[in-house]
Amino acid sequence: MRASPLDIILTASSSPHASSRSRNWGRNLLSSAFYNGTLDRVDVLGSRASGHTGCVNALSWAKGGSVLLSGGDDTTVRLWRMETDNTDKDYPFVCDAVIHTGHHANIFNAQMLPHSSRIATVAGDRQVRVFDHEKAAGHPDHHGETQYYDHQAAIRILKCHNKRVKRIVTEDSPDLFLTVAEDGSVRQHDLRVPHLCRSNHCPAPLVRLDHELSTLSLSPLTPYQFVVAGASPYGYLFDRRHPGRHFREEWGQPPTPGEVTTCVRMFGRTARGQHERPGREHITGSRMATSNGHEVLLSYSSDVVYLYSTKDDPPPSSMATAGPLILKPNSRQRTPERTARSSGHDDMSMQHGWSERDALMDEDIERIHGEGSPSPESVGAASEREDHQDDEDIFEDDEDGDEGQDEEVEEPQGELRGDERYNQVPTIMPRSRFVGACNVETVKDVNFLGPRDEFVVSGSDDGNWFMWEKNTGRLHNVLEGDGSIVNVIEGHPYLPLIAVSGIDTTVKLFAPQPGPSRFSRLDKADAIMERNAEASTARSEMSNLLLYYRIAQQMAENGESGEGSSQCPLQ
């Protein structure tokens, strides 16, 4: 019987008793498979008969890579397990369990807590739910999938956040994990300590910023640090080591008095992306390297992916004594960096007056924002939030998650400079940037890939996912991963296997295969990147038009009601 890639690398690197030499050999083999192998699609998880029925927003590997979790718009979590006795496929995954979570809105993230069978989920209904399906009684269906419902498998429902919860970060514990939400807070949850979410009985958050947050990451090598980012030009590095630490010696500043964490660094840029509008900067994804604990990736909406290091010294202009580093305006004048290929497109746009129209529209939008109209997030949030009754569940920590929570306050729009409390925190500039993908339409994650984080990967609005060499920035591959948009990419912990998902209802698996790749688009990379640049311009213009329409509609409604100022559409 032939030895599959699974057998070879699994034997070399997955055993906890494997020697350091064999583990290094396994890492070298895995790295070589990514560098020299031909990546291709090897399987599609899900079908019309069995699988998710909505976009797949969440992917994560668990149980040492033997289980893949997926979750999405259909509010279910699926557990895909590898059939080790199946010799027909190199990577034989089948769905053997489905958890009907009971969430009232899209699931954004799902993680299995270490050293346990507990699964934590977060969603647009502002709830954090924890399940333990292995201790619940499920029932198999005709597809062979065991079905679990929330009243059977849920062990905790937390309502500490008062806006949509976006990400989970696990710690080395079956009881502790972190969550981040659009209410601007990062919270640590301890399942060993029950509490009531109403009447401000929730534990204090680790972090509370004055803008929406959408991404959170930490490295197992430096679990005392974490990176958060969202609706701001900056990412923030927090350190939660206080007792016994010499903060001033280590970071050049004292710990924040009265806080459980201290913001020790910010991550910024010297200029906005070409298609970013002032006051609308947004970081959609972040990731800290698992191999070294100091490298950080940030993916900016309408811009590119940037690589930072927490070990880098901030430039003199960003040191605390010099005040905050403010981004330069992205004026529509030409810059030397723009290529001849994009110049032709811009010249055509100028002939039709697009640049003048955009400038006038930006001025109108900023003026309207300055007069107190609601932000586009608040206008759109009313249509996204689903009205629902609170669950009457004996596992809930709160009967009414809205009581006692901070009221939602409209934030002024305009020039975004991050949380003003951290204006004196030194700002680190990027080491490198990775271009080619289009990140405009959806919230895309970003990730490292490889046993030593040798690669950087990101999804794109064109349905492809991009793979760059970290050290050189060179584009290594472009692969078709979705019929519409790729949002999530997760590499297997010790196999040359990559799970990809997005708008489609299926999960695609990629791995090195012999022969030419059917789904690689590297030979068309130049055309794809040019098309993505043009699409970014067009989508940015459409976004401006949509925002202009929404604000004008809101102003018209306020005028008809005779009100001098806008009302919160969520009230």
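All of these numbers come straight from a predicted model, not from anything done at the bench.

Undergrad: Would you mind showing me how to read the overall build of the chain here?
TA: Looking only at helices and strands, the chain has 8 helices and 31 strands in total. Each of the 571 residues in the chain was classed as buried or not, and the buried ones make up 55%. Pairs at least 24 residues apart make up 62% of the contacts formed inside the chain by residues separated by at least 6 positions. Carbon and sulfur atoms make up 50% of the accessible area of the chain, which amounts to about 25500 Å² in all.

Undergrad: Explain the sheet that holds strand E9 (residues 139–140) to me, please; I cannot follow it from the model alone.
TA: Across a sheet, strands are paired by hydrogen bonds formed along the backbone, either parallel or antiparallel in direction. Pairing is mixed in the open sheet, where 6 strands are placed in the order E2-E3-E4-E5-E10-E9. In this open sheet, the two edge strands, each paired with only one partner strand, are strand E2 (56–62) and E9. Strand direction decides the pairing type here: E9 and strand E10 (residues 146–149), joined by 2 bridges, are antiparallel. Bridged to His 139 within E10 is Gln 147.

Undergrad: I keep staring at the packing of aromatic side chains and nothing clicks. Help me out?
TA: In this description, an aromatic ring pair is defined by two values, namely the gap between the centres and the angle between the planes. Scanning all chains against the criterion turns up 11 aromatic pairs. Note on Phe 226 and Phe 238: the rings are 5.8 Å apart at their centroids and 20 degrees apart in plane angle, and the pair reads as stacked. Of the two residues, Phe 226 sits in strand E17 (residues 222–230) while Phe 238 sits in strand E18 (residues 235–239), which places them 12 residues apart along the sequence. Seen in terms of ring centroids, Phe 466 and Trp 468 are 5.8 Å apart; in terms of plane orientation they differ by 20 degrees. Their pairing is stacked. When sorted by exposure, Phe 466 lands in the same class as Trp 468, which is buried. An aromatic cluster of three or more residues is present, and its members are Phe 226, Tyr 236, Phe 238 and Tyr 422.

Undergrad: Looking at this structure, I do not really get the confidence of the model for the chain. What am I missing?
TA: Keep in mind that low pLDDT regions are not for reading the predicted coordinates in detail. Confidence in the prediction of the chain, expressed as mean pLDDT, is 80, and 71% of residues score 70 or more. This model gives residues 319–355 a pLDDT under 50, and the stretch forms 60 contacts once residues within four places in sequence are excluded. Under a pLDDT of 50 for its full length, residues 561–571 has, in the predicted model, 17 contacts with residues more than four places off or in other chains.

Undergrad: Before we go on, may I ask you to explain helix H2 (residues 20–36) in this structure?
TA: Turn by turn, an α-helix covers 3.6 residues, leaving residues three or four places apart pointing in a common direction. Between its first and last C-alpha, H2 extends 24 Å over 17 residues, near the 24 Å set by a 1.5 Å rise per residue. Residues of H2 that are buried: Gly 26, Leu 30, Ser 31, Ala 33 and Phe 34. Down the axis of H2, the smallest arc covering the buried residues is 155 degrees, so these residues share one side. Those residues of H2 that are exposed and aimed more than 90 degrees away from the buried face are Arg 21 and Asn 36.

Conventions and cut-offs
- Residues numbered from 1 in each chain as written.
- Predicted model: local features only at pLDDT ≥ 70, side-chain atom pairs only at ≥ 80, totals over all residues.
- Heavy atoms only, no water.
- Helix = DSSP H or I, 4+ residues; strand = E, 2+ residues; numbered from the N terminus.
- Buried < 20%, exposed > 50% of the residue type's maximum accessible area, 1.4 Å probe, protein only.
- Contact = heavy atoms within 4.5 Å.
- Areas by Shrake-Rupley, 256 points an atom, 1.4 Å probe, with all protein chains shown as cover.
- Pairing = 2+ DSSP bridges.
- Phe/Tyr/Trp six-rings, centres within 6.5 Å; stacked < 30°, edge-to-face > 60°.
- pLDDT = per-residue confidence, 0-100.
- Expected span 1.5 Å × (residues − 1).
- Arc of directions from axis to C-beta.

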